[in-house]
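# Structural overview for review
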Amino acid sequence: MEKKEIRFKINGEDTVISIKPNKTLLEMIREDLKLTGTKEACDHGECGACTVLINGVPVNSCLVLAMEAHGKEILTIEGLKQDDRLDPIQEAFIQNTGMQCGFCTPGMIMSTKALLNRNPKPNDDEIKEAIAGNLCRCTGYTKIFESIKDASSKIGGK
Amino acid sequence: MEEINIGDYSLLGKSIPRIDAYEKVTGEAKYAADIELPGMLWCKILRSPLPHAKILNIDISRAKRLTGVKAVCTAKDFKGFRWGWMPITRDEPPLAEDKVRFYGEGVAAVAAIDEETAEEALELIKVDYEELPGVFDPEEALKEGAPVVHDYRPNNISWEFHMDFGDVEKGFKEADLVREDRFATGRVITGFLEPPAAIALWNSSGITIWAAKQSPYFVYRHLAQCFNLPLNKIRVIQPFVGGGFGGTKNDSVAGDFCSVLFSKMTGRPVKFVYKMEEVFLTCRRRHNAIIYNKMGMKKDGTITAMQSRLIADGGAYTAIGPLTMYLTGCISTLPYKLPNFKHDAYRVFTNNPVGAAMRGHGVTHTRFAAEIQMDMMAEELGLDPMEIRLKNAIEAPYETINKVTIFSCGLKDGLLKLKEHPLWKERKKENKDKETISGVGISGVAYLGGARQRGYQSCAAVLRLCEDGTVEYLTGATDAGQGSDTVLTQIVAEELGLSIDHVDIQRVDTAYTPCDAGSYGSRVTALAGEAAMKAAKDLKRQLAEYAAKEWNVSSEDIVFKNNKVYPKHMPDKAIPFRKLAQIACYSGVGAVIIGRGYSQYGIEPYDFEKGIGNAGTAYSFTSQLTRVEVDKETGFTKCTDMIIAHDCGKPLNPGLVESQNQGASVQGLGQAIYEEFVMDRGRTLNANLADYKMPTAVDAPNIEVIHILTDDPKVPYGAKEASEGAIVSSPPSVISAIHDATGIWFKELPVTPEKIALALREKKKE
Amino acid sequence: MVIFYRRLPKFEYIKPESQNMLFEILSDNKNCSVYAGGTDLIPKLKKRLIKPPDVLIDLKGLNELDYIKIEGGTLKIGALSTIYSVATSKIVIEKFNILSQAAKSIAAFQIQNRGTIVGNICNAVPSADSAPALLVLNAKLNIKKKDGSRKVNIDEFFIGPNKTVLDKDEIVTEVEISEVPSSFKGIYYKLSTRGKMDLATVGVAVLLGSDNGRFSDIRIGLGAVAPTPIRAKRAEELLKGEKINKELINNAARIASDESSPIDDHRASATYRKIMVETLVKRAICRLTEVG
């Protein structure tokens, strides 16, 4: 199978890569770009661990072909930190212990990022709905909700 | 930062952020599947399409010839190696030998230059089977003439335990009411999100494997046995672990053995990553069990006797099943006074996937049955479910009839707090609208922490002092997500009077870290914590001697606090800890200061045959209120609130204790109303996260955790277990809430909308 | 032979830049898979549930198929319009609300952002959430191929589980829904075990218009209770033109249940599903008519 060249921006950086068309965006991010922060769990769009943002929109990267990245802006967990400054969401997940094993955390944070971008002051139901596609088996979600609320208040306070 | 006063400490009792949080929120944390090595091959396993069949022939020739394939293996290459929990139960080969015993069992494996090629190669392997009649129900498997799963167990009984204390017959005679019921727990799985993965390398130094393991010292021993190497040639390196919850990640999987073998065959590193479906179909799951429970009760609610007979589906191999069976009985005598108790547990082989440990190990089955039956009897006798628990609850100190000893117990205290809680006081069937009816349920349970298996079971810690006053901390204990690295570091830093960032905990590397039994049975804080405390005291003792010389005082009078050291009552003389470290390291020819400690709690023997004694070092007590809303017609159930009064003794990091309780109770909610593998003749029909329904964020209730403080002398700083009690308390409180709403007792888990709707219709007809 | 594939099969990838090119390829008699949102296709390919295609055709070069618009009162949804955009479209919420309800009930945001409404119906699973809503809206599907086009009513589109009337060389380019009188009200009830990220055990869509205490129009769509999503026409007939009353509604709900033909599967039993059809049809009509 022939590789095809695609160009896109990932975490703010222009990238050119030749990729086989049967690779998923998730495989390309993890294996070709070596950005292993994005996790693979169910591989069928049922758990949200592989959530990344394409042009600001959260998607399961396991269900997207890598070819589709062409011309797009991709944001992964590695792209949230600006210089050495953490994103307020990351800060809030640290302070509120919004994780245990951490395997769902990158996806959870990316869904939160998309939520707070479009709705900086979500209510409880909106928070729950925004991360309904991100399974967490460790925390029972309580401290994740608290993290997101805290992040929202930090962002809103600016 | 949340803080609970548990004593005169700088760090303990505080919700210090997790020390691994930064790595986890930035994506820096490396899990097994994130690791790559140059020249790496991919390993992939071919699995059986039949649940029970003789293997007549395996033809690997075409697969071997495919370009990119570097090696192919079958059971033959493991030369008869089998593993298991006890020497007499080693019945499981890495790949099936003469026959397959469950659907999806591994039969052959391939190593290729990439995963795509490995998958393609598997398609070229031809296996000839002769299908055998299978047996899929444990009660069927016990019948005369049932298909035999293992020749060494012709009656299919994998393991059995018989415990008998007091005189149950006498107890039943003394009772005013005796009930017998049949309960069943469902087929559920741990549900960690990180599928098992590893990367293995075989070279002249032996085996190195980066593996997703909750207890790396299990695979360490298995690999030594399988490949006939001494333990010092086995190096298991612990990446971050994406959840454990017992079972699969406390054991080896076929991929571990195959990838090591392939590395030996090819001289190249070999990686495998399981697919989630593969986990669901072929990895360990909780035993599902049938429990015949009989209880005797006096009119006033006093329990006079309990007898249980448990039949568990063990699936195709033994794994850790004997311990599961032991745990189903050994603490049934908690948390209520029970003068007479008899328990018969049978683990039965079937052609289903293997039953093994899972959070709440063993206890979840029998405690569910006992809690619900107690409530049913209370109802019959017109007693209040809260009062009946308060009446029977034990109080410390206490010794059960099978000599389980309790030195601290917050059950009554917890129940009394719940009794005063608005959720309980104001509970009534408020019809939210005419379609929905609500109910509140209660449960009260005990769980053992610091669990002990047979054989090696100590935890150890080594602290290496750096000349700049920082400390390297080596432990064999694994943080699979629960947060133990943070708590253990808090302990070391507390003892040394250092701030938390001065102590650096290393993840397990069996080449350097001291041997450890594993992260299971809520044992890390209790036992690795004890080791950490002792190692820190050992290090402090050595440093204090140098300090004592400086100030000419007794070494016992040296205080370590706030990164400083000073003679007692003379804080003005304080020098930085760093300075003392330098003095110690540079004095004379220089010293190597290493603190050492190992756990010694709970070394008195327990009787594994009869069920007598302490299988844990200390016991947590959890009482729980749950509120549900049930749609009267559709049966759709929403759990709205959970209040958990949890006695973990002293919470060393309250936030982490809460998180454990929250996670465990939602996992328990899953078991109660959402999760179940649906099986058809050994085949799991819903082996995916869409149809195996783990609770999502919208299903999670509001959860309030109430810390009940007690002081237990058997564990360091009085800290007992915090991770498993709530998965035991959750299902009975949920089912009791559904009963409160519907008036129906459900005795089989999970209680799905369908079961509720159909039962409500039946009830209406009556 | 059981293999847990983590990789996609090999295929040729083509992203046509014009519809002519698309239909040219489709008419080529190759084994093609059409890739729009991919939320159903990618897992199917991974699990090898369908034969690996020779050619995977990515529709996303055809931006002109990504629209939601109103033309002369008729709603038109292009093949690339995502579930999320339909769920949140102002026009859909205001004028075709039941479709928004159905779209919102599908999975979670990550899937809604990728999956398309057209894909949801072309996939033709009996539990597809948008189908009962589209059935009661009398949606029409515009189907195109190289040398022609046709329009199919949605109630004639499904022919079995995962089967539609689409030929190999055709695709659905547009969903078309005629204006619904503004007095009409609709409800989509999705029954599932979890509150979100779940498949419908039963899906019930009811759209009704009332006039002077009578049912001027009533349409009932059912999902997950027959080999295809269906309309409960006999139940509708019973009600149409009649005076709104509880007893009649109860009878209609019973008939709707009779019209369903669910199976036992790992999600629910046929018995439960049949009862739930009755329950939810009754509940939906009662709620819409405010009959207690």
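Residues numbered from 1 in each chain as written. Chains lettered and ligands numbered in written order. Predicted model: local features only at pLDDT ≥ 70, side-chain atom pairs only at ≥ 80, totals over all residues. Heavy atoms only, no water.

As far as domains go, chain C holds domain 1 (12–61), domain 2 (63–178) and domain 3 (185–289). Taken over C-alpha atoms, the centre of domain 1 of chain C sits 36 Å from the centre of domain 3 of chain C. (Domains from an automatic or database assignment.)

Another point: the packing of aromatic side chains. Given two aromatic rings, one states the distance between the centres and the angle between the planes to describe the pair. Taken as a whole, this structure holds 26 aromatic pairs over all chains when the rule is applied. Here Phe280(B) and Phe677(B) contribute two aromatic rings whose centre-to-centre distance is 5.5 Å and whose plane-to-plane angle is 70°, an arrangement assigned as edge-to-face. A residue pair is termed long-range when its members are at least 10 positions apart, and Phe280(B) in helix H8 (residues 276–282) and Phe677(B) in the loop between helix H17 (654–674) and strand S30 (679–680) qualify at 397 residues. Owing to a relative accessible area of 1%, Phe280(B) belongs among the buried residues under this scheme. Seen in terms of ring centroids, Phe280(B) and Tyr692(B) are 5.3 Å apart; in terms of plane orientation they differ by 65°. Their pairing is edge-to-face. Remark: Tyr692(B) occurs in the loop between strand S31 (683–684) and strand S32 (702–709) and Phe280(B) occurs in helix H8; sequence separation between them is 412 residues. The exposure classification of Phe280(B) matches that of Tyr692(B), with both residues buried. In textbook terms, an aromatic cluster arises when at least three aromatic residues are bridged by ring pairs, as seen for Trp85(B), Trp159(B), Phe161(B), Tyr326(B), Tyr606(B) and Phe608(B). Taking the ring centre of Phe172(B) as reference, the NZ or CZ of Lys294(B) above it sits at 4.4 Å. It is Arg7(C) that lies over the ring of Trp42(B); its NZ or CZ is 5.3 Å from the centre. (Phe/Tyr/Trp six-rings, centres within 6.5 Å; stacked < 30°, edge-to-face > 60°. Helix = DSSP H or I, 4+ residues; strand = E, 2+ residues; numbered from the N terminus. Buried < 20%, exposed > 50% of the residue type's maximum accessible area, 1.4 Å probe, protein only. Lys NZ or Arg CZ within 6 Å of the ring centre and 35° of its normal.)

This next bit is on the interface of chain A and chain C. With 32 residues of chain A in contact, the opposing surface of chain C contributes 28 residues. Summing the contributions of chain A and of chain C, the shared interface buries around 2,600 Å²; its carbon and sulfur component is 55%. Ranking the residues of chain A by area buried against chain C places Leu63(A), Leu65(A) and Glu68(A) at the top, with a combined share of 22%. In this structure, the connection of chain A to chain C is made through seven salt bridges. In this structure, Lys60(C) engages Glu68(A) in a salt bridge whose closest nitrogen and oxygen atoms are separated by 3.2 Å. The interface formed by chain A and chain C holds 14 residue pairs in polar contact (both at pLDDT 80 or more) in total. Counting only elements with at least two residues in the side of chain A that touches chain C, the list comes to helix H1 (25–32), strand S4 (57–60), helix H3 (105–118) and helix H4 (124–130) of chain A. Broken down by element, the side of chain A that touches chain C gets its largest block of residues, four residues, from S4(A). By residue class, the composition of the side of chain A that touches chain C is 13 nonpolar, ten polar and nine charged. (Contact = heavy atoms within 4.5 Å. Buried area = accessible area lost by both parts, 1.4 Å probe. Salt bridge = Lys/Arg side-chain N within 4 Å of Asp/Glu carboxyl O. Polar contact = N/O pair within 3.5 Å; in protein donor to acceptor, adjacent residues only side chain to side chain. Nonpolar A, V, L, I, M, F, W, Y, C, P; charged D, E, K, R; others polar.)

On to the pattern of salt bridges. All names here are of chain C. Applying the stated rule across the entire model yields 89 salt bridges over all chains. Lys 76 serves as the salt-bridge partner of Glu 71, at 3.1 Å between the closest nitrogen and oxygen. Judged by its relative accessible area of 16%, Lys 76 is buried. The closest approach of N and O atoms between Asp 265 and Arg 273, which form a salt bridge, is 3.2 Å.

This brings us to the side chain of Ser263(B). Residue and element names in this part refer to chain B. By the element assignment, Ser 263 lies in helix H7 (residues 254–266). Judged by its relative accessible area of 0%, Ser 263 is buried. Each residue touching Ser 263, except ones within four places of it in the same chain, is listed here: Ala 200, Leu 201, Trp 202, Arg 268, Pro 269 and Val 270.

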